[in-house]
Amino acid sequence: MRIALFVTCVNDLAYPGTGIAAVRLLERLGVEVAFPEAQTCCGQMQYNTGYPSAAVPLAEKFGKDFAGFDAVVVPSGSCGAFIRDVHPKLVEGAVPPVYELTEYLIDVLGVEQVGAYFPHKVAYHPTCHSSRLLKVGDRPTRLLRAVEGLELVELPGAAECCGFGGTFSVKNPDVSAAMGADKVTHAVESGAEYLVAADNSCLMHIGGTARRSGAPIKTIHLAEILAATRETVNA
Amino acid sequence: MTGVYVGMPAFPTAARAATRNAQLRANLTRATHTIRDRRARAVAELEDWEGLRQAGKAIKDETLAHLDDYLLQLEAKVTEAGGTVHWARDADEANRIVTELIRATGGSDDQPHEVVKVKSMATQEIGLNEHLAAEGISAYETDLAELIVQLGDDLPSHILVPAIHKNRTEIRDIFRERMGEWGRPAPEGLTDTPADLAEAARLHLREKFLRAKVAVSGANFMVAETGTLVVLESEGNGRMCLTLPETLISVVGIEKIVPTWRDLEVFLQLLPRSSTAERMNPYTTMWTGTHEGDGPKQFHLVLLDNGRTQTLADEVGRQALRCIRCSACLNVCPVYERAGGHAYGSAYPGPIGAILTPQLRGTASELDASLPYASSLCGACFEACPVAIDIPEVLLHLRERVGREAKEHGGHRLERAAMKAATYAMTHPAVYRAAENAAVRARKLIPKKVPFGAGKAWTETRDLPELPEQTFRQWWKETHR
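It should be emphasised that the depicted structure is a prediction, and the values quoted were computed from it without experimental measurement. (Residues numbered from 1 in each chain as written. Chains lettered and ligands numbered in written order. Predicted model: local features only at pLDDT ≥ 70, side-chain atom pairs only at ≥ 80, totals over all residues. Heavy atoms only, no water.)

Caption draft 1: Spatial organisation of the sheet that holds strand 9 (residues 283–287) of chain B. Residues and elements named next belong to chain B. One open sheet holds the four strands; their spatial order is 8-5-6-9, and the pairing between them is mixed. Each having just a single partner strand, strand 8 (257–258) and strand 9 make up the two edges of the open sheet. Strand direction decides the pairing type here: strand 5 (residues 221–223) and strand 6 (residues 228–233), joined by three bridges, are antiparallel. Bridge pairing links Val223 to Thr228 in strand 6. (Pairing = 2+ DSSP bridges. Helix = DSSP H or I, 4+ residues; strand = E, 2+ residues; numbered from the N terminus.)

The structure is reproduced here in structure tokens:
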């Protein structure tokens, strides 16, 4: 099985640690990962801002960049949902099946226990596109519960949007900020050290809000927890 | 549409005030979360909810596809049963028809015209009360929440709970100060307990029910096969209006039709559970034409278009006409919860308003053009909608329309250029890599607070992430090649 990583543009530039974690995790589980270097972006921002025609060349390009692989793994619920749901509406032609990371681990590899160690209190934020578009369900929490040393605590108002919403965060900054502030409050209330999610764009908004207000909560991508081991934690 | 919302600022500006009003936000959060939780429980009781939802969607779609036939059938049946049908193309026409019908019932300078009203979204949409007031006719709202809004010289901010933005103390103050100007004053020493407030409203309204010669209503449904209209309500005040006065005038949007009584079965389950979290609403009133010695002696049905046929012509957008006005989408919407209902600038706030209003009114005004962006696309509204309106899909469709229309007038120039530039860079890997490398090299120069443009909107309340020293791509090159 030849699988390719679609790291996403946000992760490539701002959160390389997530891509690195995904690669280390998959390799640790015996998967051979390829990274087609021509890859860039799925076009979601253009599409969701009201410029679907600007997303077409990117959907076409995605099809070309990932042709010939058996599967594509994406460490982002939002980009994964966009490629799976919207690309077929924009361009014709078969693309390999696209899996969000937790779907790939549980549905394809059939593992819940990935051998991770993360001795911290963690709250899980089910991002809107992961839960409502991809319907990843309890896959992320099943994986988290199997992590050694990790204590999963409940996040109040977990199902509520954090207010990022792509360009929504700049077009409606006040409402977006109010939503983000409430999410941070809930994360702090949960008593967790880390707020974890499978989408760095949401975490960028939540984490940026937390840092500005000095709230005692750190954000982390799920892949980085799953990739952590005793060696990396103690290192 | 209505006069009262004209000249309102675009959504982001109007929402700003609401996000900074702590009392308003607290009122809204408490109320929406209560309804939201109760609704989730009421829906979970039914094993076949998804099936009902799909049935509701299918019935509405079939009806909309043959709307002309069903409307003619309805007209024939209403006429046969002794009612009179009027067709109104827009708000002005509907308001004129209603005014003439009220004047035709008599009245004089000694006994000015007064009408009692059943809570109705259609009459709010056309601004009927304001129009009647300008014509010297007093229209009294009899739904408790509508009464609060009317007495407070306010605008409704929720479809089902128009006074959701007010708490009990604020309501008591409005009753104390204003009831006397409109009729029976509030009792001495009125407290803010719900029972006391309800009793004050009951006494105030009783006078109106017994005196009014004319009632104005909308309808939740119209059954084509018999010409029957249906109103669902919780308080019974609507039924008083629908049965006591001599003349009943119902203003109803043309999309409110269902073909048969059998179809009602589906909606009488979907609507109460979705809106008030009740298994069945307390009052369901049905009326067909006129009957000797029972109910109103004259019945007029004003069928309202007001942008509905143009909405029907849009293949993606027409699903908004399935809406049964349950307000489930408002109660789960995180944007509505923070922005409040007024920011949406129409009788229809929340997610449904964001897609319905720009279709009914068009997107020429700044406010209407801003509504399709008043969503983070979280999808909670679609999940909650009992007739499965894919609100995010319509939002995106309308964003494209707004962008296209803006292009014709030279608007949205920067945004369009930015999107095109992004696509250009993303489809030219060398350009993309160069831009990425430049960003990483300049990472120390990116300020914590950007003073202009999109960066300002972002960094006013949030820190930007610190860019790492190396992109993923660079790491991959070093480790895997």
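Next comes the rest of the account.
Caption draft 2: Geometry of the nonpolar core. The biggest cluster of nonpolar side chains holds 130 residues, and the ones touching the most others in it are Phe11, Phe175 and Leu301 of chain B. Look past the residues within four positions of Phe11 of chain B in its chain and what remains in contact with it is Asn172 and Val175 of chain A together with Val335, Ala339, Ala343, Tyr344, Leu367, Ser370, Leu371 and Ala374 of chain B. Within the second largest apolar cluster, 43 residues are counted, among which are Leu5, Val33, Ala198 and Ala223 of chain A. (Core = buried A, V, L, I, M, F, W, Y, C linked by side-chain atoms within 4.5 Å. Buried < 20%, exposed > 50% of the residue type's maximum accessible area, 1.4 Å probe, protein only. Contact = heavy atoms within 4.5 Å.)

Caption draft 3: Here's a closer look at the packing of helix 11 (residues 173–189) of chain A against helix 1 (residues 11–19) of chain B. The contact between helix 11 of chain A and helix 1 of chain B brings their axes to 7 Å, and the two run at 40°. With respect to their mutual orientation, helix 11 of chain A and helix 1 of chain B come out oblique. Side by side, helix 11 of chain A and helix 1 of chain B meet where Asp174, Val175 and Ala178 of chain A of the first sit next to Phe11, Pro12, Ala15, Arg16 and Thr19 of chain B of the second. The residue makeup of the contact of helix 11 of chain A with helix 1 of chain B, split by class, is five nonpolar, one polar and two charged. (Axes fitted to C-alpha atoms, helices over the stretch in contact; angles between N-to-C directions. Parallel < 35°, antiparallel > 145°, perpendicular 65-115°, else oblique. Nonpolar A, V, L, I, M, F, W, Y, C, P; charged D, E, K, R; others polar.)

Caption draft 4: How the structure looks around the packing of helix 16 (residues 350–361) of chain B against helix 19 (residues 391–408) of chain B. Residue and element names in this part refer to chain B. Running from N to C, helix 16 and helix 19 cross one another at 40°; their axes reach a closest spacing of 10 Å. What the angle tells us is that helix 16 and helix 19 run oblique. Crossing handedness for the pair helix 16 and helix 19: left-handed. Where helix 16 approaches helix 19, its residues Pro351, Ile352, Ala354, Ile355, Pro358 and Gln359 are matched on the opposing element by Ile391, Val394, Leu395, Leu398 and Arg401. When the residues that make up the contact of helix 16 with helix 19 are grouped by side-chain class, the tally is nine nonpolar, one polar and one charged. (Left-handed = near helix turned anticlockwise from the far one by under 90°.)

Caption draft 5: Layout of helix 5 (residues 77–85) of chain A. All names here are of chain A. The buried fraction of helix 5 amounts to seven of the nine residues, a majority that puts the element mostly inside the structure. Among all positions in helix 5, only Gly77, Ser78, Cys79, Gly80, Ala81, Phe82 and Ile83 are buried. Of the surrounding elements, those touching the buried residues of helix 5 are helix 3 (44–48), helix 4 (52–65), strand 3 (71–74), helix 6 (87–90), strand 4 (98–100) and helix 8 (128–133).

Caption draft 6: Layout of helix 8 (residues 144–151) of chain B. All names here are of chain B. Across the eight residues that make up helix 8, a large majority, seven, are buried. Taken residue by residue, helix 8 has Ala145, Glu146, Leu147, Ile148, Val149, Gln150 and Leu151 as its buried positions. Structurally, helix 8 contributes buried residues whose contacts are with helix 6 (121–125), helix 7 (128–134), strand 3 (138–141), helix 9 (168–182) and helix 10 (194–211). Here helix 8 starts with a cap whose side-chain oxygen sits 3.1 Å from the backbone nitrogen of Ala145, and that cap is Asp143. In the segment just after helix 8, Asp153 is the residue with positive phi, at about 50°. (Polar contact = N/O pair within 3.5 Å; in protein donor to acceptor, adjacent residues only side chain to side chain.)

Caption draft 7: Fine view of the pairing of strand 7 (residues 247–253) of chain B. Residue and element names in this part refer to chain B. Among the seven residues of strand 7, seven are classified as buried, and the element is accordingly described as predominantly covered. Bridge count between strand 4 (residues 214–217) and strand 7: four bridges; the pairing is parallel. Of the residues in strand 7, the one forming a bridge with Ser217 is Ser250. In this sheet, strand 10 (residues 298–304) lies alongside strand 7 in parallel orientation, the contact comprising seven bridges. The partner of Thr247 across the bridge, within strand 10, is Gln298.

Caption draft 8: Quick look at the pattern of salt bridges. Summed over the entire model, instances satisfying the criterion amount to 41 salt bridges over all chains. Between Arg53 of chain B and Glu50 of chain B there is a salt bridge, with its nearest N and O atoms 3.3 Å apart. Pair noted here: Arg53 of chain B and Glu50 of chain B are both in helix 3 (residues 49–65), with a separation of three residues, about one helical turn. With a closest N to O distance of 2.8 Å, Glu141 of chain B and Lys117 of chain B form a salt bridge. In this pair, Glu141 of chain B is assigned in strand 3 and Lys117 of chain B in strand 2 (residues 114–117), connecting sequence segments 24 residues apart. Like Glu141 of chain B, the residue Lys117 of chain B is buried in the burial classification. Each of Glu160 and Asp182 of chain A together with Arg25, Arg36, Glu337 and Arg338 of chain B takes part in salt bridges that share partners, so that together they form one network. (Salt bridge = Lys/Arg side-chain N within 4 Å of Asp/Glu carboxyl O.)

Caption draft 9: Here's a closer look at the environment of Lys448 of chain B. Relative to the assigned elements, Lys448 of chain B resides in the loop between helix 21 (429–441) and helix 22 (453–459). C-alpha of Lys448 of chain B to C-alpha of Arg462 of chain B: the two residues are 14 residues apart in sequence and 8.9 Å apart in space. Apart from the residues within four sequence positions on either side, Lys448 of chain B is in contact with Arg212 of chain A together with Thr459, Asp463 and Glu466 of chain B.

Caption draft 10: Inspection of empty space enclosed by the protein at higher detail. All names here are of chain B. Under the definition given, this model contains three cavities of 30 Å³ or more. Of the volumes computed, that of the largest cavity is approximately 100 Å³. Within this model, the second largest cavity holds a volume of roughly 90 Å³. Lining the second largest cavity are 14 residues, with Cys333, Pro351, Ser375, Cys378 and Cys381 sitting closest to its centre. Going through the elements one at a time, helix 15 (334–339) and helix 18 (380–384) are the ones with two or more residues in the lining of the second largest cavity. In the lining of the second largest cavity, the residues fall into 11 nonpolar, three polar and no charged. (1 Å grid on protein atoms, 1.4 Å probe; cavity = no way out; pocket = protein on both sides within 12 Å on 5 of 7 lines; lining within 4 Å. Points joined across faces, edges and corners; volume = space filled by probe spheres on them.)

Caption draft 11: Quick peek at the side chain of Ser250 of chain B. Structurally, Ser250 of chain B can be placed in strand 7. A polar side-chain atom of Ser250 of chain B sits 2.9 Å from a polar atom in the side chain of Ser217 of chain B.

Caption draft 12: Focus on the sheet that holds strand 5 (residues 121–124) of chain A. Residues and elements named next belong to chain A. Spatial strand order, 6-5-7-8: four strands in an open sheet with parallel pairing. The sheet is open, and its two borders are formed by strand 6 (151–153) and strand 8 (218–221), each paired with just one other strand. Sheet twist, expressed as the average angle between the axes of neighbouring strands with direction ignored, equals 35°. Sheet strands touched by helix 12 (residues 200–213): strand 7 (194–197) and strand 8. Its angle to strand 8, the strand with the most contacts, is close to 175°.

Caption draft 13: Molecular detail of the interface of chain B and chain A. Chain B puts 63 residues into the contact, and the matching count from chain A is 60 residues. When residues of chain B are sorted by the area they lose upon contact with chain A, Met419, Arg462 and Phe472 of chain B head the list and together hold 13% of the total. The shortest N-O distance in the salt bridge between Arg473 of chain B and Asp12 of chain A comes to 3.1 Å. Counting across the interface, chain B meets chain A through 31 residue pairs in polar contact (both at pLDDT 80 or more). It is helix 20 (residues 413–427) of chain B that contributes the most residues to the side of chain B that touches chain A, seven residues altogether. Grouping the amino acids of the side of chain B that touches chain A by side-chain chemistry returns 29 nonpolar, 13 polar and 21 charged. (Buried area = accessible area lost by both parts, 1.4 Å probe.)

These figures come from the coordinates and say nothing about function on their own.
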